[in-house]
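Chain and residue survey
One letter stands for each residue in the lines below.
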Amino acid sequence: MAIEKITMPQLGESVTEGTIEKWLVQPGDHVNKYDPLAEVNTDKVTAEVPSSFTGTIKELIASEGDTLEVGEVVCTIETEGGDSAPVEEAKPAEGEKANEMPAAGAAPTKKLEGEKGSSKPAKPQGGKARYSPAVLRLAQDHDIDLNQVEGSGNEGRITRKDLMQLIDSGNIPQAGSETAHAPQAAETAEPVQQAAPQQAPKAPAAKEESIESAPGDIEIPVTGVRKAIAANMLKSKHEAPHAWMMIEVDVTDLAQFRDSIKGDFKKKEGFNITYFAFFVKAISQALKEFPMMNSMWAGDKIIQKKDINISIAVASDNALFVPVIKNADEKSVKGIGREINELAQKARTGKLKSADMQGGTFTVNNTGSFGSVQSMGIINHPQAAIIQVESIVKRPVIMQGGMIAARDMVNLCLSLDHRVLDGLVCGQFLARVKEILEKMNKDNTSVY
């Protein structure tokens, strides 16, 4: 038999890490190839990690709640056939200090670096150690010196759980202090050598405000999905300079057209024809005419996407999902409406697949479904813009000739990445969407 490694898969475009929400197997369990091993949350999807082999689970490297980068080992599996020797520990190159962490399964030691008889090699210095983004964020937020933290993960890797235990205990190692988990060195121990020249102290990282709950307050644990949403929203707001525009659209003719066909459509097709399908159709058509709106920032270049894939925001009770309508510009209103209905049902029943979430190039959010009339959306990174379709409301409008009439009006609110887009192209784009929507009526619009 042979020992194989199962790694964190990439569950979507631009996804760099995932959080183990729940293990579905335990050491000793027999699994077949493609059997689910764990539930993983990312900022885009909740998915199952399948087994790449048939065999017996050997060791769970990551714990529930751990966040790992794509490609990091989550567990090992003993496969049928081959040798039964365990995975070999990597040896340091000639001339390199023996400062690697112990192999998986090795008993962790708690002796100080440089202590005589220490069975634990020294911790990597000079930035050689690899940390996950979640670990780095926690270390920065709480001013933790990672060189003084004992890791419980594979090969001594420091996990998010290790840092959370330190934070909860209040015993946080900071620059110049001893390792939190290390016992006092014996008096006869040799002094620790200075690993590197002392650097000037740096300003402590900003810490989150500690908020204590009062009697009667309810503490709600933050789930992996909510953490992923928070991380993606924070990344978008920090990286993309957001600007905002709004346009008012008269959709009286569209409202009358939709009301005239909705009953027969439901009987014939089996699902409701919503206003949102018409809006997605109009926006898709305008994106084809203004392709710069369908772009992404890529550091030293802007990538203008060929396909028009509309991400739609779908909320459940405690999470937000953004499934994608692929090639929306090529679909009819009926086709778009069917996909909206199917994707929304999948999101609310937890059946969305990673493929349903990938490839989005522009986001349309139906904020009007709960009565909103004006809002400022956060861009769905790495896209360049998001439109909020607000609630349709009747308002008195001054018509040509000075007449006042009650009209069905809607606000379209556009948030844009000002690195990619400017006011001119965005204004022209919104004007075109307005023009298309105001011409949607029973005489020149078909849902098929």
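Whatever comes next refers back to the structure up there.
Residues numbered from 1 in each chain as written. Predicted model: local features only at pLDDT ≥ 70, side-chain atom pairs only at ≥ 80, totals over all residues. Heavy atoms only, no water.

1. Regarding the overall build of the protein
Helix and strand content of the protein: eight helices and 19 strands. Evaluated residue by residue, the protein yields a buried proportion of 40% over its 448 residues. A separation threshold of at least 6 residues defines the contact pool for the protein, and within that pool the share at least 24 residues apart is 64%. (Helix = DSSP H or I, 4+ residues; strand = E, 2+ residues; numbered from the N terminus. Buried < 20%, exposed > 50% of the residue type's maximum accessible area, 1.4 Å probe, protein only. Contact = heavy atoms within 4.5 Å.)

2. Comments concerning the sheet that holds strand β5 (residues 46-50)
Within a sheet, each strand pairs with its neighbour through backbone hydrogen bonds, oriented either parallel or antiparallel. With antiparallel pairing, four strands are arranged side by side in an open sheet as β5-β4-β2-β7. At either end of the open sheet lies a strand with only one pairing partner, and these are β5 and β7 (67-69). Averaged over all adjacent pairs, the angle separating strand axes in this sheet is 45°, with direction ignored. Summarising the sheet, strand β4 (residues 36-41) and β5 pair through five bridges and their orientation is antiparallel. Each residue of the ladder has a partner; that of Val40, found in β5, is Ala47. (Pairing = 2+ DSSP bridges. Axes fitted to C-alpha atoms, helices over the stretch in contact; angles between N-to-C directions.)

3. What to know about the pattern of salt bridges
Oppositely charged side chains can form a pair if their charged atoms are brought close together. Tallying each qualifying case throughout the model produces 16 salt bridges. One salt bridge in this structure joins Asp259 and Arg258, with 3.5 Å as the shortest N-O distance. Judged by its relative accessible area of 15%, Arg258 is buried. Among the salt bridges present, the one from Glu339 reaches Lys331, with a minimum N-O distance of 3.3 Å. Since its relative accessible area comes to 22%, Lys331 is described here as partly exposed. It is possible to trace a salt-bridge network through shared partners that takes in Glu289, Arg432, Glu435 and Lys439. (Salt bridge = Lys/Arg side-chain N within 4 Å of Asp/Glu carboxyl O.)

4. Digging into the pairing of strand β2 (residues 17-23)
Of all seven residues in β2, five are buried, a share of seventy percent or more. In this sheet, β7 lies alongside β2 in antiparallel orientation, the contact comprising three bridges. In the strand pairing of β7, Thr19 is matched with Thr67. Relative to β4, β2 is paired through four bridges, and the arrangement is antiparallel. Across the sheet, Ile20 pairs through a bridge with Val40, a residue of β4.

5. What to know about the nonpolar core
With 58 residues, the main nonpolar core has Met293, Phe362, Phe429 and Leu437 as its most contacted residues. Counting residues per element, this core draws most heavily on helix α5 (residues 275-289), which supplies nine residues. With near-sequence residues (within four places) excluded, Phe362 lies in contact with Ile283, Leu287, Met293, Asn294, Asn309, Ile310, Ser311, Gln383, Ala385, Ile387, Leu414 and Phe429. (Core = buried A, V, L, I, M, F, W, Y, C linked by side-chain atoms within 4.5 Å.)

6. Topic: the packing of aromatic side chains
Considering all chains together, one arrives at five aromatic pairs under this definition. Ring centres of Phe257 and Phe278 lie 6.0 Å apart, and the angle between their planes is 75°; on these two criteria the pair is classed as edge-to-face. Of the two residues, Phe257 is situated in helix α4 (residues 252-269) and Phe278 in helix α5; the sequence distance between them amounts to 21 residues. Owing to a relative accessible area of 8%, Phe257 belongs among the buried residues under this scheme. Accessibility expressed as a relative area gives 0% for Phe278, which makes it buried. Aromatic rings pair up to connect Phe265, Phe271 and Tyr448 into one cluster. Of note, Arg258 hangs over the ring of Tyr275, and the distance from its end group to the ring centre comes to 4.6 Å. (Phe/Tyr/Trp six-rings, centres within 6.5 Å; stacked < 30°, edge-to-face > 60°. Lys NZ or Arg CZ within 6 Å of the ring centre and 35° of its normal.)

7. Details of a nonpolar patch on the surface
A cluster of nonpolar side chains, namely Trp244, Met246 and Met376, defines an oily patch on the protein surface of about 310 Å² accessible area. For Met376, the location among the structural elements is in the loop between β16 (362-365) and β17 (385-389). Overall, the relative accessible area of 61% leaves Met376 in the exposed class. (Patch = residues over 30% accessible without salt bridge, like charges linked within 9 Å, V, L, I, M, F, W, Y side chains within 5 Å. Areas by Shrake-Rupley, 256 points an atom, 1.4 Å probe, with all protein chains shown as cover.)

8. Quick notes on the sheet that holds strand β1 (residues 2-7)
With antiparallel pairing, four strands are arranged side by side in an open sheet as β1-β8-β6-β3. In this open sheet, the two edge strands, each paired with only one partner strand, are β1 and β3 (30-31). In terms of strand pairing, β3 meets strand β6 (residues 55-60) through two bridges, oriented antiparallel. Among the inter-strand pairings, His30 is bridged to a residue of β6, identified as Thr56.

9. What about the packing of α5 against helix α8 (residues 423-438)?
Where α5 meets α8, the closest approach of the two axes is 9 Å, and the angle between their N-to-C directions is 135°. In terms of orientation, α5 lies oblique with respect to α8. Note that α5 runs across α8; the crossing there is right-handed. On α8, the residues that touch Phe278, Phe279, Ala282, Ile283, Gln285, Ala286, Leu287 and Glu289 of α5 are Phe429, Arg432, Val433, Ile436 and Leu437. Residues that form the contact of α5 with α8 fall into these classes: 10 nonpolar, one polar and two charged. (Parallel < 35°, antiparallel > 145°, perpendicular 65-115°, else oblique. Left-handed = near helix turned anticlockwise from the far one by under 90°. Nonpolar A, V, L, I, M, F, W, Y, C, P; charged D, E, K, R; others polar.)

10. Points about the side chain of Ser284
Note that Ser284 resides in helix α5. By relative accessible area, which is 0% here, Ser284 ends up buried. Every residue in contact with Ser284, bar those within four places of it in the chain, is listed here: Ile308, Ile310, Ala328 and Asp329.

11. Regarding α4
Along its 18 residues, α4 runs 24 Å from first to last C-alpha, staying within 8% of the 26 Å computed at 1.5 Å per residue. Of all the bends in α4, the greatest, near 45°, is centred on Lys262. By the burial criterion, the buried members of α4 are Thr252, Leu254, Ala255, Phe257, Arg258, Phe265 and Glu269. Looking at the packing, one finds that the buried side of α4 touches β9 (242-250), α5, α6 (333-348), β19 (404-417) and α8. (Expected span 1.5 Å × (residues − 1). Bend = angle between axes of the 7 residues up to and from the residue.)

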